[in-house]
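# Structural overview for review
The lines below spell out each chain.
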Amino acid sequence: QKEVEQNSGPLSVPEGAIASLNCTYSDRGSQSFFWYRQYSGKSPELIMFIYSNGDKEDGRFTAQLNKASQYVSLLIRDSQPSDSATYLCAVIGIKAAGNKLTFGGGTRVLVKP
Amino acid sequence: DGGITQSPKYLFRKEGQNVTLSCEQNLNHDAMYWYRQDPGQGLRLIYYSQIVNDFQKGDIAEGYSVSREKKESFPLTVTSAQKNPTAFYLCASSQTSGGFYEQYFGPGTRLTVT
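Residues numbered from 1 in each chain as written. Chains lettered and ligands numbered in written order. Predicted model: local features only at pLDDT ≥ 70, side-chain atom pairs only at ≥ 80, totals over all residues. Heavy atoms only, no water.

This paragraph deals with the sheet that holds strand β8 (residues 76-78) of chain B. Residues and elements named next belong to chain B. In spatial order, the strands read β1-β3-β8-β7; together these 4 strands make up an open sheet with antiparallel pairing. Every other strand in the sheet has two partners, leaving β1 (4-7) and β7 (64-66) as the edge strands with one partner each. On average, adjacent strands in this sheet sit at an angle of 20 degrees to one another, irrespective of strand direction. Sheet topology places strand β3 (residues 19-25) next to β8; 3 bridges connect them, and they run antiparallel. The residue of β8 that forms the bridge with L21 is L76. (Pairing = 2+ DSSP bridges. Helix = DSSP H or I, 4+ residues; strand = E, 2+ residues; numbered from the N terminus. Axes fitted to C-alpha atoms, helices over the stretch in contact; angles between N-to-C directions.)

Next up, the structure:
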């Protein structure tokens, strides 16, 4: 079992719809969770982080964390073509030396006009 | 402007040569990291440093070396011992206290070895 798992996609979403991305993790004691957006050929850009159970909203993005079920999700509301990218989920495990991030393989999102 | 810079953006080398990738940050972050990304794959940690003059191996350190002589700088050397060095190399930095551990990435260096 991979430590952090994501569906590779592509997730095809009509413009204006909600894109829903999921991420599961194996380390039950993980404390910190991050979503990065990566455009093709570019470096990852941090778009959300969440440390507590529940929802966290920032503009069109909402991160949802459920530690009991060991998943974290990202919702993108009113999806735009500019949201087309690969979204990386990253986790800091409870035993992670140096606050090391463990990444999932990423979910590719395609927003169609 | 605060941020992380990496140079060069593209690097081409012949097999058997060592090459050093630069990473500088002016965010006053204590921790710095080096990751490698291969096409269609996630990021894998090479080395990290939480304080000046100290660094630790990550998951794929073989064939790489680093130094941390200054807080702002964390150069990575890809040695001839690295079997498959062609990849996208990403440097990141973060705070280490106050409960804030978000890592921010530089623009990356794309290394091609032929």
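Membership of the largest hydrophobic core comes to 23 residues, with the highest contact counts inside it found for L21, W35, V72, L74 and Y87 of chain A. For this core, the secondary structure elements donating two or more residues are β3 (19-25), β4 (32-38), β5 (45-50), β7 (61-66), β8 (71-76), β9 (85-92) and β11 (107-112) of chain A. V19, Y47, V78 and Y89 of chain B belong to the second-largest nonpolar core, a separate cluster that totals 19 residues. (Core = buried A, V, L, I, M, F, W, Y, C linked by side-chain atoms within 4.5 Å. Buried < 20%, exposed > 50% of the residue type's maximum accessible area, 1.4 Å probe, protein only.)

Before going further, it helps to examine the interface of chain B and chain A. The partner chain A presents 21 residues to the 21 residues of chain B that form the contact. Taken together, the two surfaces of chain B and chain A that pack against each other cover about 1,700 Å², and 55% of this comes from carbon and sulfur. A per-residue breakdown of the area chain B buries against chain A is headed by Y101, E102 and F105 of chain B, which together make up 28% of the total. At the boundary of chain B and chain A, one finds 1 salt bridge. Linking chain B to chain A there are 7 residue pairs in polar contact (both at pLDDT 80 or more). When residues of the side of chain B that touches chain A are traced back to their parent elements, those giving at least two are β4 (31-37), β5 (43-51), β9 (87-94) and β10 (104-105) of chain B. When grouped by side-chain class, the residues that make up the side of chain B that touches chain A number 12 nonpolar, 6 polar and 3 charged. (Contact = heavy atoms within 4.5 Å. Buried area = accessible area lost by both parts, 1.4 Å probe. Salt bridge = Lys/Arg side-chain N within 4 Å of Asp/Glu carboxyl O. Polar contact = N/O pair within 3.5 Å; in protein donor to acceptor, adjacent residues only side chain to side chain. Nonpolar A, V, L, I, M, F, W, Y, C, P; charged D, E, K, R; others polar.)

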